[in-house]
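# A closer look at the structure
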Amino acid sequence: MKKRSGKSSQRKEKLVMIASTALVLSALTVTGVYVRNGNKEPDGGYTIDFSSLEESNSLKVEAEDIPVTDSDLDYDPASTEAGSTTVQNNYNGSEIAGTGTEPVDEREEAIRLKGDLLDLGLGEEDTKDGAEVEAEEDAAKQEVKEAVVELQSDDEVQEASSEAVAAQIQPELTFSEADSLVMPLVGNVLINYSADKSVYFPTLKQYKCNPALVIEATQGASIKAAAPGMVSRIYNDPMTGQTVVMTLGNGYELTYGQLKEVTVSEGAYVAEGEIFAQVAEPTRYFTEEGCNLYLKLTKDGTPVNPIG
């Protein structure tokens, strides 16, 4: 009987211990649920809320997507590009728009300039009335005109043709009765010089005096100057065609006719033997004679025999 009662007592103790353990675990479970649901900071504020961190990150990303404008930046107005309406230049305290589009008050500008002159020490005694200023302006304009004319004259001298330069440095022309002419080209004399008796002109079919030499030539043949001279006239004549007159000096002049391709101009100096023209077709006064050079020498307007 004693052994059975001992076993019964041990069983009861085990049951009590199991029931106590279950009761303690249940109590702890209930307490944990209450703490989590009822108390937000059971650990003194050190609990990390990961849902809040995710919200702040999303807000940060949205803020970075906002565009940045010039008004949000700090800048120096002086660094703005030239020509902008924000640029202002200070001169003696006055502000002038950088674009220059604003009208300028001429009276105020004149007063400001006058003030600048006074600041430089020029003073009232150095200022002049309108009449004096106008006179000075006229004088300055005249000086400019004279300077321009002088420069133009210098340019004309530098750009002068070789013929004009040669005319300026030409030797003195001193042809005399003792001097002789060099024949301008080689050819037979078709009609000789005759001042005191008549000679026959085949084309005209008549006799008359001849104040010149008519020298046979070939069309296009070169013509040389028979003596040094200065070209005084170039003209066209019905009888002699294109004609060149050269002054030889001491009243002597030499006339060349029946010419073409004249390379000299009036006022040009031509040296002896210099080619200056070619033989042209004969005029209708010399169709029977054919191509020729018309050569006439005069002394003070009176014909002289070219070959002495």
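Shown above is the structure to which this text applies.
The following refers to the structure shown. (Residues numbered from 1 in each chain as written. Predicted model: local features only at pLDDT ≥ 70, side-chain atom pairs only at ≥ 80, totals over all residues. Heavy atoms only, no water.)

## Considering the overall build of the protein chain
Counting its secondary structure elements, the protein chain contains five helices and 14 strands. In the protein chain, the proportion of contacts linking residues at least 24 apart, taken out of those at least 6 apart, comes to 59%. (Helix = DSSP H or I, 4+ residues; strand = E, 2+ residues; numbered from the N terminus. Contact = heavy atoms within 4.5 Å.)

## Let's talk about the nonpolar core
Core analysis: the largest hydrophobic core is formed by 28 residues, its most contacted members being L181, I223, L248, L254, Y256, L259 and F276. Sorting the residues of this core by element identifies β6 (213-216), β9 (241-249), β10 (252-260), β12 (275-279) and β13 (292-299) as the ones contributing at least two each. Sort the elements by how many residues they give to this core and β10 lands first, with four residues. With residues near it in sequence (within four places) discarded, L248 still touches L173, T174, F175, L181, A227, P228, G229, L254 and L297. Residues V199, F201, V214 and F286 belong to the second largest nonpolar core, which totals seven residues. (Core = buried A, V, L, I, M, F, W, Y, C linked by side-chain atoms within 4.5 Å. Buried < 20%, exposed > 50% of the residue type's maximum accessible area, 1.4 Å probe, protein only.)

## A closer look at the packing of aromatic side chains
Applying the stated criterion across every chain, the model contains three aromatic pairs. Relative to Y207, the ring of Y200 has its centre 4.9 Å away and its plane inclined at 50°; by these criteria the two rings are tilted. By relative accessible area, Y200 is classed as partly exposed at 39%. For Y207, a relative accessible area of 59% gives the class exposed. Geometrically, the ring pair formed by Y256 and F276 is edge-to-face, given 4.9 Å between the ring centres and 75° between the ring planes. Separated by 20 residues along the polypeptide, Y256 in strand β10 and F276 in strand β12 bring together distant segments of the chain. F276 matches Y256 in its accessibility class, with the two residues each being buried. Over the aromatic face of F201 sits the side chain of K208, whose NZ or CZ is 4.8 Å from the ring centroid. (Phe/Tyr/Trp six-rings, centres within 6.5 Å; stacked < 30°, edge-to-face > 60°. Lys NZ or Arg CZ within 6 Å of the ring centre and 35° of its normal.)

## Observations concerning the pattern of salt bridges
Using the criterion set out here, one finds one salt bridge in the structure. A salt bridge links K299 to D300; its shortest N-O distance comes to 3.8 Å. Relative accessible area serves as the criterion here: at 29%, K299 is assigned to the partly exposed category. (Salt bridge = Lys/Arg side-chain N within 4 Å of Asp/Glu carboxyl O.)

## Regarding the side chain of T203
Within the secondary structure, T203 is located in the loop between β4 (194-201) and β5 (206-210). A relative accessible area of 17% places T203 in the buried class. Engagement of the side chain of T203 in a polar contact is seen with the side chain of E289, the distance being 2.5 Å. Setting aside chain neighbours within four positions, we find T203 in contact with R284, Y285, F286, T287, E288 and E289. (Polar contact = N/O pair within 3.5 Å; in protein donor to acceptor, adjacent residues only side chain to side chain.)

## Considering the side chain of T298
Following the sequence through the fold, T298 ends up in strand β13. Excluding anything up to four places from it in sequence, T298 contacts G251, Y252, E253, P303 and V304.

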